[in-house]
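Residues per chain, in single letters:
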Amino acid sequence: FTAIFIISRLMSIVGISEHWNSMNISSKLPPLDVAIADKLSVDPSAVESASRDYGHIAKVVPKAVLHPSSVEDIAALVKFSYDNPVPFTVAAKGHGHSVRGQAMADNGVVIDMASMKKHRNGTGIRVSSDGHYADVGGEQLWFDVLNATLKRGVAPVSWTDYLYLTVGGTLSNAGISGQSFRFGPQISNVYEMDVITGNADIVTCSPKKNSELFYAVLGGLGQFGIITRARIPLEPAPKRVKWVRMLYNDFTAFTRDQELLISINGRRDKNALDYVEGSLLMDQGSPDNWRSSFFPPKDHKRITSLISNHGIIYCLEVVKHHDDQTEDIVDKELRQVLKGLSYMPGLMFEKHVLYAEFLNRVESGEAKLRSRGLWDVPHPWLNLFVPKSQIADFNEGVFKGIVLKRNITKGPVLVYPMNRQKWDDRMSAVIPDEEVFYAVGFLHSSGFDDREAFDDQNAEILQFCDEAGIRVKQYLPHFTSKDAWINHFGSKWETFQQKKHQFDPKMLLSPGQRIFN
Ligand code: FAD
């Protein structure tokens, strides 16, 4: 009786009971783990929260939310859907920091991955006894990974700018930041994963074991399985960093210097920098933004007037790690590396900060925006990868031709190069077909009533690139037609589709990406 009660509860949640009853096949009901029915919630606040994300653009309502307490709960839910004559979709929601509903499930079930944390009993992040790797739950935030590993004097080498993202969420995209040119994106820094496929199999995969699934899942937009554990390599953590920003008014000089700096990129090369990024400074009131406040207040006026004179100032940002004792040495080494760069004289700014403070640099900006009610607002972001050979055209046509003219920018605009050789082509992630390419991020915040202007600008940028033959690829992609997805994946589409049929033949997983659903 209990089993039938729970099953009918789940069926009514997913809206299939009528169908089921009409088929009169109750004796053939798929087995349902009694435990998960109680973890399914139709509570309005849980459903509302699963209908939203950081973007505040999409609103997609699921039928229910699963609050799992174990990997088995997640597998049981996927199995129940898989075995069902009327399967329902299932979306893992990490921290919901997508901007276009990618972690939502229309009429399906959203898995609130954060619920797993409470039940890990301290085993969500386990550093190996030799400190060479950490086994990390897919639901864990990178912020927590940093803190747990630093306690052992070690840390991962590849990061995102912002740490309140989950391991499963960034590994489903790529996980990029200023470390990527040297260490590759986060997806290039995974030894092994546990994944629940759309067939409800719990599979351990690595480059040697079930490698097809391993590479499919990395950058796979959640299409092939739910990551419940990732084994992340660790290295000895530095104590402090030297953090430098240099300003340019000449885009050619700016990109030439960036490319020079990322050309020294051996993992063990002592001359290599540890982080290289760049951004546009435009007229937004202050040269600082929520990504990090950096410039000394006494210099704000000087920088602001440069921006007024030039329209756009390009800011090259680098970091070199060091230990407490080696501050002088790193200063000397860095001076050597940066010697001969073409930033504007007198416009180099530098500071020493703790390593953890640098990695968590966005947190204070978030707190400031939150206190002003400006964090939970629409985020019509556009993130692109642009081939190096076309970045000058992109500057002329997009930065100067569209963005400067429209003059609506609200939020950081990032532009920094990385090396294709640090990515593995077997992974699902899509990048331009050129050895060096740029990540360009328009990280806009808009009001609830002026979002359209940003959507229009994004559309104009994409149209311009299309017409000018600039072969951009979207990062954190969002498309509304199948053709656009096929075009996005290009030569990888056949494999992507074939792996979908293999690992999620009923198209259950991550429907919010809108690739197969
Ligand atoms: P969600 O938004 O919850 O999910 C994203 C997708 O992954 C969905 O399709 C979801 O179904 C799927 N998914 C979630 N968890 C799992 C899992 N365990 N297994 C399988 N699939 C899963 N990205 C960068 O690369 N670099 C940055 O510097 C960076 N900075 C950012 C700063 C901010 C303020 C924000 C909001 C985002 C930033 N991002 C950055 C983007 C971020 O990496 C993506 O939005 C990522 O998807 C967010 O992770 P999440 O845990 O919130 O995932």
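Residues numbered from 1 in each chain as written. Predicted model: local features only at pLDDT ≥ 70, side-chain atom pairs only at ≥ 80, totals over all residues.

1. Some points on the sheet that holds strand β4 (residues 109-112)
With mixed pairing, the four strands of this open sheet are ordered in space as β1-β2-β4-β3. Of all the strands in the sheet, the pair left with one neighbour each is β1 (40-41) and β3 (90-93). Relative to β4, strand β2 (residues 64-66) runs parallel, the two being bridged by three bridges. Paired with V65 across the strands is V110, a residue of β4. (Pairing = 2+ DSSP bridges. Helix = DSSP H or I, 4+ residues; strand = E, 2+ residues; numbered from the N terminus.)

2. Structural notes on the packing of helix α16 (residues 391-406) against helix α17 (residues 451-468)
The geometry of α16 relative to α17 is characterised by a closest axis approach of 11 Å and an angle of 155° between their N-to-C directions. Classed by the angle they form, the pair α16 and α17 counts as roughly antiparallel. The element α16 and its partner α17 pack so that their crossing is right-handed. Across from D393, G397, V398, I402 and R406 in α16, the residues of α17 making contact are Q457, E460, I461, F464 and A468. (Axes fitted to C-alpha atoms, helices over the stretch in contact; angles between N-to-C directions. Parallel < 35°, antiparallel > 145°, perpendicular 65-115°, else oblique. Left-handed = near helix turned anticlockwise from the far one by under 90°. Contact = placed C-beta atoms within 7 Å.)

3. A word on the site of the ligand
Residues in close proximity to the ligand total 36 residues, the closest being G94, H97, T166, G168 and G169. If you list the elements that add at least two residues to the shell around the ligand, you get β3, α8 (167-171) and β10 (225-233). Looking at side-chain class alone, the shell around the ligand contains 13 nonpolar, 20 polar and three charged residues. Viewed by domain, the shell around the ligand spans two of them, domain 1 (2-116) and domain 2 (120-236 + 497-513), each represented by three or more residues. (Near = placed C-beta within 6 Å. Nonpolar A, V, L, I, M, F, W, Y, C, P; charged D, E, K, R; others polar. Domains from an automatic or database assignment.)

4. Remarks on the nonpolar core
Generally speaking, soluble globular proteins have nonpolar side chains that are buried together. Judged by nonpolar contacts, the single largest core of 129 residues is most densely connected at L77, V109, I111 and V386. Discounting chain neighbours no more than four positions away, the residues touching I111 are L66, P68, I74, L77, V90, A91, A92 and K93. (Core = buried A, V, L, I, M, F, W, Y, C linked by C-beta atoms within 7 Å. Buried ≥ 20, exposed ≤ 12 C-beta atoms within 10 Å, placed from the backbone.)

5. So, the confidence of the model for the protein
Mean pLDDT over the protein stands at 93; residues scoring 70 or higher make up 93%. In this model residues 1-5 is a low-confidence stretch, pLDDT under 50, and it forms two contacts with partners more than four residues away in sequence or in other chains. Of the regions scoring below 50 in pLDDT, residues 16-30 engages in 13 contacts with residues more than four places distant in sequence or in other chains. ipTM for the predicted complex: 0.99, alongside a pTM of 0.95. (pLDDT = per-residue confidence, 0-100.)

6. Looking at the environment of L306
Mapped onto the fold, L306 is located in helix α12 (residues 300-310). Considered as a pair, L306 and M282 are 24 residues apart in the sequence and their alpha carbons are 9.7 Å apart.

7. Overview of the UniProt feature "domain: FAD-binding PCMH-type" (unreviewed entry) in the protein
UniProt's entry tags residues 58-237 with the feature "domain: FAD-binding PCMH-type" (unreviewed entry), counted in the numbering of this structure. Secondary structure across residues 58-237 comprises 24% helix and 23% strand; the distance between its end C-alpha atoms is 39 Å. (UniProt positions renumbered as here; feature names shortened; annotations may be inferred.)

8. A closer look at helix α7 (residues 142-150)
Within the span of α7, buried status applies to W142, V145, L146 and T149. Seen along its axis, α7 keeps its buried residues to an arc of 100°; they face one direction. Buried residues along α7 sit against β5 (125-127), β6 (133-137), β7 (154-155), α8 and α14 (355-359). (Arc of directions from axis to C-beta.)

9. Let's talk about the environment of A200
Secondary-structure assignment places A200 in the loop between β8 (192-197) and β9 (202-205). For A200 and K301, which are 101 residues apart along the polypeptide, the C-alpha to C-alpha distance reads 58 Å. Those residues in contact with A200 that sit more than four places away from it in its chain are A75, V78, K79 and Y82.

10. What to know about the domain arrangement of the protein
We note that the domain assignment places domain 1 (2-116), domain 2 (120-236 + 497-513) and domain 3 (240-475) within the protein. Put simply, the parts of the chain that give the side of domain 1 that touches domain 2 at least two residues each are α5 (71-83) and β3. Its residues assigned to classes, the side of domain 1 that touches domain 2 shows 16 nonpolar, eight polar and two charged.

11. Quick word on unusual backbone geometry
Most peptide bonds adopt trans geometry, and most residues besides glycine take a negative phi value. Phi angles above zero are rare outside glycine, and N121 is one such case at about 50°. Tracing the sequence through the fold places N121 in the loop between α6 (115-119) and β5. Judged by the 6 C-beta atoms lying within 10 Å of it, N121 falls in the exposed class.

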